[in-house]
Amino acid sequence: MINLTPRYIEEAGGLLRAISLKSAEVVRSVLGENNIKPINKEKLDKLDRILVHTSPHLDEYLAVLLFRACLPPQKLRELQLEEFTLNSINNDQLAKVTWRNAAVIGIGGTHTGGARALFNYDEHVETGKVRKDSSCSMLVSKRHLNDPGILYKAIGEIDHIDAYANAHDKHLGNYIKWMHESEYFFSIGSSTKDHIKDSISPTWKQTLIEACLAAYILASNDKKRFNDASFWKQYAEDSLDAYKKYSLLRKVDPKFTDVFGRLKGNISRYEPHYLLINKPGGGQEEKKDKYGNRIEQKLVMPYLAALCQYYWGPEIGHIIMAHFWDARVQSQITYANITEVLKTTIGDGTHEIPPVRTPMGQLTFRHIPVAGASRKPWVVEFVLKGAMPNSKAPLLSYINNNNDGNGYLILHNSSTNNIVLNKGYGVNSETWKALCDKLLQVEGDSSAKIAGCWYKLVNDNGNIAGFMLNGNKAHQYVPKTSIDADSLVGLVKEIIS
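Residues numbered from 1 in each chain as written. Predicted model: local features only at pLDDT ≥ 70, side-chain atom pairs only at ≥ 80, totals over all residues. Heavy atoms only, no water.

**As for the overall build of the protein chain**
The cut-off we apply is this: Here a helix means four or more residues in a row that DSSP labels H or I, a strand means two or more in a row labelled E, and each is numbered from the N terminus. Partly exposed describes any residue whose relative accessible area lies between the buried limit of under 20% and the exposed limit of over 50%, with all areas from a 1.4 Å probe on protein chains only and scaled to the type maximum. Contacts between residues were defined by any pair of non-hydrogen atoms, one from each residue, lying within 4.5 Å. Exposure was quantified through the Shrake-Rupley algorithm and a 1.4 Å probe, taking into account, for residues, occlusion by the shown protein chains and nothing else. Asp and Glu count as negative and Lys and Arg as positive, but His and the ends of the chain are not part of the count. In plain terms, the charge of a residue is placed at NZ if it is Lys, CZ if Arg, CG if Asp and CD if Glu.
Along its length, the protein chain carries 18 helices and 15 strands. Burial status across the protein chain gives 53% buried among its 497 residues. Contacts spanning at least 24 positions in sequence make up 64% of the contacts within the protein chain whose residues lie at least 6 apart. In the structure as shown, the protein chain presents an accessible area of about 22300 Å², 49% of it carried by carbon and sulfur atoms. Averaged over its 60 positive side-chain charges, the protein chain has a centre that lies 1 Å from the centre of its 54 negative ones.

**A word on the nonpolar core**
Rule in force here: What we call a nonpolar core is a set of buried Ala, Val, Leu, Ile, Met, Phe, Trp, Tyr and Cys residues that are connected through their side-chain atoms within 4.5 Å.
Grouped together as the largest cluster of nonpolar side chains are 96 residues, with contacts concentrated most on F67, L172, W312, F324 and W325. A total of eleven residues in this core trace back to one element, the largest contributor, which is helix 10 (residues 202–221). Residue contacts for F67: discarding those within four places in its chain leaves L47, I50, A103, I105, F119, Y121, V140 and H144. Core analysis: the second largest hydrophobic core is formed by 21 residues, I368, I410, L439 and C453 among them.

**Things to note about the state of the cysteines**
Let me state the cut-off plainly: In this description, the term disulfide denotes a pair of cysteine sulfurs within 2.5 Å.
Following the criterion strictly, the structure yields zero disulfides and no others. No disulfide involves C70; its sulfur sits 14 Å from the nearest other cysteine sulfur, which is in C136. The buried category is assigned to C70, whose relative accessible area is 5%. With no disulfide of its own, C436 lies closest to C453 among cysteine sulfurs, the gap being 14 Å. Its relative accessible area of 1% is what places C436 among the buried residues.

**Describing helix 13 (residues 256–268)**
Spelled out, the test is: Helices are assigned an expected span. That span is 1.5 Å times one less than the residue count.
Compared with the 18 Å implied by 1.5 Å per residue over 13 residues, the 18 Å span of helix 13 between its first and last C-alpha is a close match. Considered for burial, the residues of helix 13 that qualify are F256, V259, F260, L263, G265, I267 and S268. Elements that come into contact with the buried residues of helix 13 comprise helix 9 (172–180), helix 11 (229–246), helix 12 (249–252), helix 14 (301–312) and helix 15 (314–345).

**A few points about the packing of helix 9 against helix 15**
Note the cut-off: Inter-axis angles, ranging from 0 to 180 degrees, are taken between N-to-C directions of lines fitted to C-alpha atoms, where helices are fitted over the stretch in contact. Here is the rule for angles: anything less than 35 degrees is roughly parallel, anything more than 145 is roughly antiparallel, 65 through 115 is roughly perpendicular, and the remaining ranges are oblique. Throughout this entry, Asp, Glu, Lys and Arg are counted as charged residues, while Ala, Val, Leu, Ile, Met, Phe, Trp, Tyr, Cys and Pro are counted as nonpolar. The remaining residues, Gly among them, count as polar.
Interhelical geometry of helix 9 versus helix 15 gives an angle of 70 degrees and a closest axis separation of 9 Å. The orientation of helix 9 relative to helix 15 falls into the category roughly perpendicular. Side by side, helix 9 and helix 15 meet where L172, Y175, W178 and M179 of the first sit next to H323, F324, W325, A327, R328 and S331 of the second. Looking at side-chain class alone, the contact of helix 9 with helix 15 contains seven nonpolar, two polar and one charged residues.

**Quick word on the layout of surface pockets**
As a reminder, the rule being used: Cavities and pockets were defined on a 1 Å grid built from protein atoms only: a cavity is a group of points that admits a 1.4 Å probe but offers it no way out, a pocket is an open group of points flanked by protein on both sides within 12 Å along at least five of seven lines, and a lining residue is one with an atom within 4 Å of any such point. Grid points are joined across faces, edges and corners, and a volume is the space filled by probe spheres set on the points.
Taken as a whole, the second largest pocket encloses approximately 540 Å³ of empty space. Where the lining of the second largest pocket is concerned, the elements lending two or more residues are helix 12 and helix 15. Here the residues of the lining of the second largest pocket sort into nine nonpolar, six polar and five charged.

**Section: the environment of K233**
Structurally, K233 can be placed in helix 11. The spacing of K233 and A305 is 72 residues in sequence and 9.1 Å in space, taken between C-alpha atoms.

**Quick look at the sheet that holds strand 1 (residues 49–53)**
Going by this rule: Only strands that DSSP links by at least two bridges are regarded as paired with each other.
Spatial strand order, 2-1-3-4: four strands in an open sheet with parallel pairing. With partners counted over all chains shown, the strands left at the sheet margins are strand 2 (81–84) and strand 4 (119–121), one partner each. Across the sheet, the axes of successive neighbouring strands diverge by a mean angle of 20 degrees, strand direction being ignored. Looking at chain direction, strand 1 and strand 3 (residues 102–105) are connected through four bridges and run parallel. Directly across from I50, in strand 3, lies its bridge partner A103. Strands strand 1, strand 2, strand 3 and strand 4 of the sheet are contacted by helix 4 (residues 58–69), whose axis makes an angle of about 165 degrees with strand 1.

Listed below in structure tokens is the structure:
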């Protein structure tokens, strides 16, 4: 078990800081001092912060933890993690001031705002170029370690998912995304207006995720068979029961009991899931290791719930996991609420709907006229009302379940100020490729030297992802698209006619 003494916590500056420091120390001890490459002293003396893009992914969090584990102990204690938003493509004054003394992770590979980072780890490249590494955690490992050793398992799993997607719903990477979009209750009053809730800080999120990664790395080093249900199941159920007992969300949302019950049942019945690759012609296949064995996804919440208690102790383990469970419950409540709105507005999709306000946001619904088609493709445009974790899932599922996936979703996220265009599973790859190319032609590529509106993600196997991004919370310099439900109908009609 990881030992956090009262003195250690006090000297670190509190529990959160202590857990984060101890996580880096644990990883350093597993790596071994002789395995860490020396870092240039002149650059190290200048280093005063670590920056990641706003709302980082699991890849960036692992890269940060690896980088911190490679730092001398005193420098490790001096540094704080900050999330960074780039507001100008070539003249971001804050970037110019802060990056020169920072390790910048997960941003800066294509656009820098005119800044030059002291250290930079970002695998993203301009359109048309081939990236050498599929994740920034792999970059950190190559530059600072002689051999990742047992960490290769974590790096490999995260690196693969970063390149090919297909993470299981219970994977830590998905829970992180929901946590970024969640607001937690800190107190509840006599009425709704007296409730206090907010998102949690970058340092807070960093600590929770690093604690999970450190526990997983220790378990791998100890060769513990934590994926055996005889080990993880009771721990996971205890973790969920502790969350339910102390959750404030259960006192304010009537859907809590039902959603929590389904979550606990799904966690308890969890079966192993394996790394997948999308085949170029469609469908999926399991990734195999050099011996021909399939590779299990192990950074999943049932296992991590057990490992956090085993290595950090029950009290700290429950505290860590409560944040993830709450984010998941919030995402499921969002799912239920948005689905109810869609049932009462779109229904079976017979009639188009002009922009209409709903309790969850503004909805527009259109048909794409196709001669002789038994089902017309749908276009759903939704402007979210505030932060809602996993809001895309119910909207896209409604298209998939009620129109055989034959449709498109334009999702406006008011909390991140970006737009995502998604396709249903029934849209054929040729039509989707043509639409993506048309958008890039008309409104530009956001990764180009002169940034346009859209980012098209192409996985390492050459498959185009089922979504296009018009900016995100970390890249606010991206111009806003003019596409809406009506203009998208025109574009798709032009492509398929």
